[in-house]
Amino acid sequence: EDPSSSSSTQNSVAPELPGFYYDPEKNRYFRLLPGHNNHNPLTKDSIQHKAMECKRLRLLEEEEKQKKTTRAGLNSSVLLQKRQLGLLSSTSYCRLVHELKMNCMQRRKIEIHSPDSSVAGTNNFKIIVADVACERIFTVNDVEHGGCKYGIINLSGLGKESLTVEMYDNLYFTNRKVNSVCWASLTHPDSHLCLMGIAETPGCASLLPASLFSSTNPGDRPGMLCSFKISTAWSCAWCLNPQADNCFSTGLTRRVLVTNVVTGHRQTFGTSSDVLAQQFATQTPVLYNGCRSGEIFSIDVRQRNRKGQSWKATRLFHGSAVTSIHLMEAEHYLMAADMAGKIKLWDLRTAKCMKQYKGHHNEYALLPLHVNEEEGLLIAVGQDCYTRIWSLQDAHLLRTIPSPHPSSKDAIPSVVFSSRLGGSQGVPGLLMAVKQDLYHFSYN
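What you are looking at is a predicted structure, and each value in this text was computed from that prediction instead of being measured.

Asks: How do you make sense of the overall build of the chain when you look at a structure like this?
Replies: Of the regular secondary structure elements, the chain holds 4 helices and 30 strands. With 444 residues in all, the chain has 50% of them scored as buried. Only carbon and sulfur atoms are counted for the fraction: they give 50% of the accessible area of the chain, which is about 21,600 Å².

Asks: Honestly, the pairing of strand 21 (residues 333-338) in this entry has me stumped. Any pointers?
Replies: For a regular strand, side chains alternate in direction, first toward one face of the sheet and then toward the other. Along strand 21, 5 of the 6 residues are buried, which leaves the element largely enclosed by surrounding structure. Between the antiparallel neighbours strand 20 (residues 322-327) and strand 21 lie 5 residues, among them Glu-331 with a positive phi of about 65°. Where strand 21 meets strand 22 (residues 343-347), 5 bridges bridge the pair, whose relative direction is antiparallel. Looking across to strand 22, one finds that Leu-334 is bridged to Trp-346. The hairpin formed by strand 21 and strand 22 contains 4 residues between the paired strands, and Gly-341 there has a positive phi angle of roughly 85°.

Asks: Is there a simple way to explain the UniProt feature "repeat: WD" (unreviewed entry) in the chain in this structure?
Replies: Mapped onto the present numbering, the UniProt feature "repeat: WD" (unreviewed entry) falls on residues 318-356. From the first C-alpha to the last, residues 318-356 spans 12 Å; its make-up is 0% helix and 56% strand.

Asks: Teacher, can you tell me more about unusual backbone geometry here?
Replies: In most cases, non-glycine residues show a negative phi, while peptide bonds are predominantly trans. We note that Glu-331 has phi near 65°; this positive angle belongs to a residue other than glycine. Checked against the element boundaries, Glu-331 lands in the loop between strand 20 and strand 21. Glu-331 gets classed as buried once you look at its relative accessible area, which sits at 14%. Positive phi, normally seen in glycine, also occurs at Lys-435, with a value near 55°. Among the structural elements, Lys-435 can be located in the loop between strand 29 (427-434) and strand 30 (437-442). A residue is classified by how much of its surface remains accessible, and Lys-435, at 22% relative accessible area, is partly exposed.

Asks: Explain the packing of aromatic side chains here, please?
Replies: Any pair of aromatic rings gets described here by the distance separating the centres and the angle formed by the planes. Applying the stated rule across the entire model yields 5 aromatic pairs. Aromatic pair Phe-138 and Phe-213: ring centres 5.7 Å apart, planes at 80°, arrangement edge-to-face. Taken together, the positions of Phe-138 in strand 5 (residues 136-142) and Phe-213 in the loop between strand 10 (203-209) and strand 11 (226-230) put the pair 75 residues apart, joining distant regions of the chain. The class of Phe-138 is buried, set by a relative accessible area of 1%. Here the aromatic rings of Phe-228 and Phe-248 are separated by 6.4 Å at their centres, their planes lie at 20°, and the arrangement is stacked. Separated by 20 residues along the polypeptide, Phe-228 in strand 11 and Phe-248 in strand 13 (residues 247-252) bring together distant segments of the chain. Judged by relative accessible area, which is 0%, Phe-248 ranks as buried. Clustering of aromatic rings is evident, with ring pairs tying together Phe-138, Tyr-150 and Phe-213. Above the face of the Tyr-386 ring, Lys-55 is positioned so that its terminal group lies 5.0 Å from the ring centre. Lying across the ring of Phe-228, Arg-266 places its NZ or CZ 3.9 Å from the centre.

Asks: How should helix 4 (residues 90-103) be read in this particular structure?
Replies: The periodicity of an α-helix, 3.6 residues per turn, causes residues three or four places apart in sequence to face the same way. Taking 1.5 Å of rise per residue, the 14 residues of helix 4 would be expected to cover 20 Å, and the 20 Å separating its terminal C-alpha atoms lies within 8% of that figure. Residues of helix 4 that are buried: Leu-96, His-98, Glu-99, Leu-100, Met-102 and Asn-103.

Scoring rules and cut-offs
- Residues numbered from 1 in each chain as written.
- Predicted model: local features only at pLDDT ≥ 70, side-chain atom pairs only at ≥ 80, totals over all residues.
- Heavy atoms only, no water.
- Helix = DSSP H or I, 4+ residues; strand = E, 2+ residues; numbered from the N terminus.
- Buried < 20%, exposed > 50% of the residue type's maximum accessible area, 1.4 Å probe, protein only.
- Areas by Shrake-Rupley, 256 points an atom, 1.4 Å probe, with all protein chains shown as cover.
- Pairing = 2+ DSSP bridges.
- UniProt positions renumbered as here; feature names shortened; annotations may be inferred.
- Phe/Tyr/Trp six-rings, centres within 6.5 Å; stacked < 30°, edge-to-face > 60°.
- Lys NZ or Arg CZ within 6 Å of the ring centre and 35° of its normal.
- Expected span 1.5 Å × (residues − 1).

Following this line, the structure appears as structure tokens:
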């Protein structure tokens, strides 16, 4: 239930008084003016937070019960029989199978081992990003005294009964706030990491070898390949197209910077707004950008810098700041999310919105989308700390997963979903990092 709907229910029982809040549990009114409540300082924010926390605890309790009792009429054998008898269309069958798989996912906590036992589990997860093979995840953790700490977690231990993973960090590269990170394939697949963020003013873009985060002899580790100062960076992307080989892009305040890390050559494209999300196409050397203004546009990086903005190709428009974009495998469609909580699937050939995925919650945060076309799923974590999973095919909301921790701005979960967590022989499921904990939701 939405907090606003619950308050309207209360008001139908007790008359609404301006400046007062009616508490049905205590059967009395409380003033909404801070400092005038004696022992009950109430604000609209605190009331809404209390309602959200009650909802979260209720959903967690329902999930515990669901482990023991399966939803009536929803099991694989019954669905298959109905499909074979022609009682279910292929679309309905696929959606119900997806829903069944989602509802059967159970949360288990992962034990994180680290060579430095004093480091493991002491800092809150801020970002987790998996490599293409999902063998490792790069982590950005908030450090208690300020700044960030980076590490790499090896997922090979997920297939074991104990659910343990190994984490390696590098304390030399710390204290730099990170807004965006992506894996980069320079010498071999996912060999490096692009980090964008703020050290002091101005910010900094860095390309680090992933081997810096390993258990091997520190003396054998290569140094940072590329680092330069920039204005505040919001996003980054690595290009896998050979026509723009060894290039990565940086989304900055009112401009896009494309850098070749081998030659050092840079291209600058001026924009009218901050670039909050980026992704390169793989079939062509084209870069897609999502802006704070709500505009989405593409750049062919083969062209030289031009004055003005005549280099913009595809142009789409959201009503709010675009926080995440994902180019689908066929590269005819683009998924985009914005700060109004809208998630849209765009057809790039007609520049029309084909589908909307409803239920996502966002007002101001830079929240990523996670698309798994192999399983036909879309995953997004909202500002309300709920992880929502939709069917790509019909935009049906399959499951809403509450956070194991109380909702707050610094406790928004970061997730990864894959059919092969830990590599080709890995296990399917959802990884959720929240606060100091890492969880695995098994998926069959």
